[in-house]
Amino acid sequence: MGGWENRPGQKLLIRGARVIDPSQALDEVCNLLIADGRIAGRTAETEVPDAAVLDASGLICAPGLVDMHVHLRDPGQTHKEDIETGCSAAAAGGVTSLACMPNTSPALDNPAVIGDIVRRAVSAKAHVYPVAAVTASLGGERLNDFAALKAAGAVAVSDDGRPVPTAGRMMEAMEAAAALSLPVLSHCEDLSLTRGGIMNEGAVSRALGMPGIHRGAEDVATAREIAIAASTGLPVHICHVSTRGSVALLRDARRRGVPVTGETAPHYFTLTDEALRGRDADYRMNPPLRTEDDRQAVIEGLCDGTLSAIATDHAPHSPEEKADFLRAPNGSIGMETSLAAGITALVETGRLPLSRLLWLMSTEPARLLGIPAGTLQAGAPADIVLFDPREEWTVDPAKLHGKSRNTPFKGMTMRGRVHYTLLEGRLVYTAE
């Protein structure tokens, strides 16, 4: 990039890219000018005084991705990930804004911990938006002070990883959160139906002789949240949808006007429980990989608008923790592969146009969280991803940018490679 110094206040002209911005229904080859860390607008000029030039011919220029479901493991579990390394992984995947989940140690359940996250993230390579715990220490009993948590920087509340145990407590949380315009993100799992399983209950779990997680554990809990939303008019967001049943419940609810939204993750529309036949714990997550029928249902939900967002549920674990198939913790990393997984599984197969994929991964998640992201409109922060949607690359865990390597996409060849990521006009990632 001619004249680029990566300093605050510098102008940058992104020249010749195909600019796709779903927030403006924009898809055209043009030049985009950045000034003072914000989008100055489109221009026909190919040279601008005092501006560095990034020749982006052949690349897509889009709003930076917004990942609304990330585990940074910070504080307390920083041997797996921390704010700095997690945001480096985010930048490498084109993610410029992320919501970090509260199941840390200590939990994100008080203003001091939330404030510490916000302060330490200022110099990171992505914007970090804390999701506060619904209940004290994620214990499922006493509600936290949502107003104080929001004032400290929380953008949503969730007991992710530990479902709120009773409908009464969830209704109280939804009422308190709605009064503050805080989204409630629900981990839908009825633990009485999980029964100690470590993978989807079905033909593969039986063949391996492994305890299975019944799909009803997700479906029953999803039905509970929908019933509360339908009877009260209070909004709720369903995390990591993985079953045909939950997709059907959400589709029906949204058709009836119930204020419910849902997300899924790339591994649920790309992989199935067949991947576990090799007894590799990198393919173990919660909810678990399901069947091909479920995978197709998730894709249908993305295509018809039932599912509102794609998030990664980025969940780092060390190689030592993942070494034992039976005892390994659930979770997989995903921020560096999410865009490519979406392009490969959904765009290249003709299921979704690229603009719709970007809507699901950037514009709509930003709207759901109420954060200033997901758009290239003039005046917006210059949070941008530039990528080649046709370029092939093979996922090599050793070349990823976070601390952990537990990707379920290892060894896979995908299409869609990020070349540059900009955060408020600063270059935070360049492909090697």
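Residues numbered from 1 in each chain as written. Predicted model: local features only at pLDDT ≥ 70, side-chain atom pairs only at ≥ 80, totals over all residues. Heavy atoms only, no water.

## Concerning the overall build of the protein
Point 1. Along the protein, the regular secondary structure elements total 13 helices and 18 strands.
Point 2. For 432 residues, the compact-globule formula gives about 22 Å, and the C-alpha radius of gyration of the protein, at 21 Å, lands near that figure.
Point 3. Considered along the principal axes of its C-alpha atoms, the protein spans approximately 65 × 45 × 45 Å.
Point 4. Going through the 432 residues of the protein one by one, you find that 61% of them count as buried.
Point 5. Of the contacts made within the protein by residues no fewer than 6 positions apart, 73% connect residues no fewer than 24 positions apart. (Helix = DSSP H or I, 4+ residues; strand = E, 2+ residues; numbered from the N terminus. Rg over C-alpha atoms; globule rule 2.2 N^0.38 Å. Buried < 20%, exposed > 50% of the residue type's maximum accessible area, 1.4 Å probe, protein only. Contact = heavy atoms within 4.5 Å.)

## Some remarks on the pairing of strand 5 (residues 60-63)
Successive residues of a regular strand alternate their side chains across the two faces of the sheet.
Point 1. Across 2 bridges, the pairing between strand 1 (residues 11-21) and strand 5 is parallel. For Val19, the partnering residue across the bridge sits in strand 5 and is Cys61. (Pairing = 2+ DSSP bridges.)

## Re the nonpolar core
Point 1. Judged by nonpolar contacts, the single largest core of 74 residues is most densely connected at Leu98, Val128, Leu339, Leu346 and Phe387.
Point 2. Broken down by element, this core gets its largest block of residues, 6 residues, from helix 1 (residues 83-92). (Core = buried A, V, L, I, M, F, W, Y, C linked by side-chain atoms within 4.5 Å.)

## Here's the deal with the sheet that holds strand 10 (residues 185-186)
Point 1. Here 4 strands make up an open sheet; going across it, the order is 10-13-14-15 and the pairing parallel. Edge strands, defined here as strands with exactly one partner in the open sheet, are strand 10 and strand 15 (309-310).
Point 2. Note: strand 13 (residues 236-238) against strand 14 (residues 260-264), 3 bridges, orientation parallel. The residue of strand 14 that forms the bridge with Ile238 is Gly262.
Point 3. Against the sheet, helix 7 (residues 216-232) contacts strand 10, strand 13 and strand 14, and its axis sits at roughly 160 degrees relative to strand 13. (Axes fitted to C-alpha atoms, helices over the stretch in contact; angles between N-to-C directions.)

## Concerning helix 10 (residues 292-303)
Point 1. In a regular helix each residue adds 1.5 Å, so 12 residues correspond to 16 Å; helix 10 covers 17 Å between its end C-alpha atoms and thus fits that length.
Point 2. Residues of helix 10 that are buried: Asp294, Arg295, Ala297, Val298, Ile299, Gly301 and Leu302.
Point 3. Buried positions along helix 10 lie against helix 8 (244-255), strand 14, helix 9 (266-270), strand 15, helix 12 (338-347) and helix 13 (354-369).
Point 4. Gly305 lies just past helix 10 and shows a positive phi near 90 degrees. (Expected span 1.5 Å × (residues − 1).)

## A few points about empty space enclosed by the protein
Point 1. Considering all chains together, one arrives at 6 cavities of 30 Å³ or more under this definition.
Point 2. Roughly 60 Å³ of internal volume is contained in the largest cavity.
Point 3. In terms of lining residues, the largest cavity is bounded by Glu81, Ala89, His314, Ile333, Gly334, Met335, Glu336, Thr337, Leu400, Gly402, Ser404 and Thr407.
Point 4. Looking at the lining of the largest cavity residue by residue, the class counts come to 4 nonpolar, 6 polar and 2 charged. (1 Å grid on protein atoms, 1.4 Å probe; cavity = no way out; pocket = protein on both sides within 12 Å on 5 of 7 lines; lining within 4 Å. Points joined across faces, edges and corners; volume = space filled by probe spheres on them. Nonpolar A, V, L, I, M, F, W, Y, C, P; charged D, E, K, R; others polar.)

## Overview of the environment of His69
Point 1. In this structure, His69 sits in strand 6 (residues 65-70).
Point 2. A sequence separation of 18 residues divides His69 from Ala51, and the C-alpha atoms of the two residues are 36 Å apart.
Point 3. With near-sequence residues (within four places) excluded, His69 lies in contact with Ala99, Met101, Asp160, Cys239, His240, Glu263, Ala311, Thr312, Asp313 and His314.

## Observations regarding the sheet that holds strand 6
Point 1. Across the sheet, 4 strands lie side by side as 6-7-8-9; this open sheet has parallel pairing. One side of each edge strand has no neighbouring strand; the edge strands of this open sheet are strand 6 and strand 9 (156-157).
Point 2. As judged from the 4 bridges shared by strand 7 (residues 95-100) and strand 8 (residues 127-132), these two strands associate in the parallel manner. Pairing of Cys100 across the sheet is with Pro130, part of strand 8.
Point 3. Along the sheet, helix 1 contacts strand 7 and strand 8; its crossing angle with strand 7, the most-contacted strand, is approximately 135 degrees.
Point 4. Most of the contacts of helix 2 (residues 111-120) go to strand 8, to which it runs at about 170 degrees, and overall it touches strand 7 and strand 8.

## Thoughts on helix 8
Point 1. In this model helix 8 runs 17 Å from its N-terminal to its C-terminal C-alpha over 12 residues, within 8% of the 16 Å that 1.5 Å per residue would give.
Point 2. Taken residue by residue, helix 8 has Ser246, Val247, Leu250, Arg251 and Ala253 as its buried positions. Buried residues of helix 8 fall within an arc of 170 degrees about the axis and therefore sit on the same side.
Point 3. On its buried face, helix 8 sits against helix 7, strand 13, strand 14 and helix 10.
Point 4. Gly257 sits one or two positions beyond helix 8 and adopts a positive phi of about 85 degrees. (Arc of directions from axis to C-beta.)

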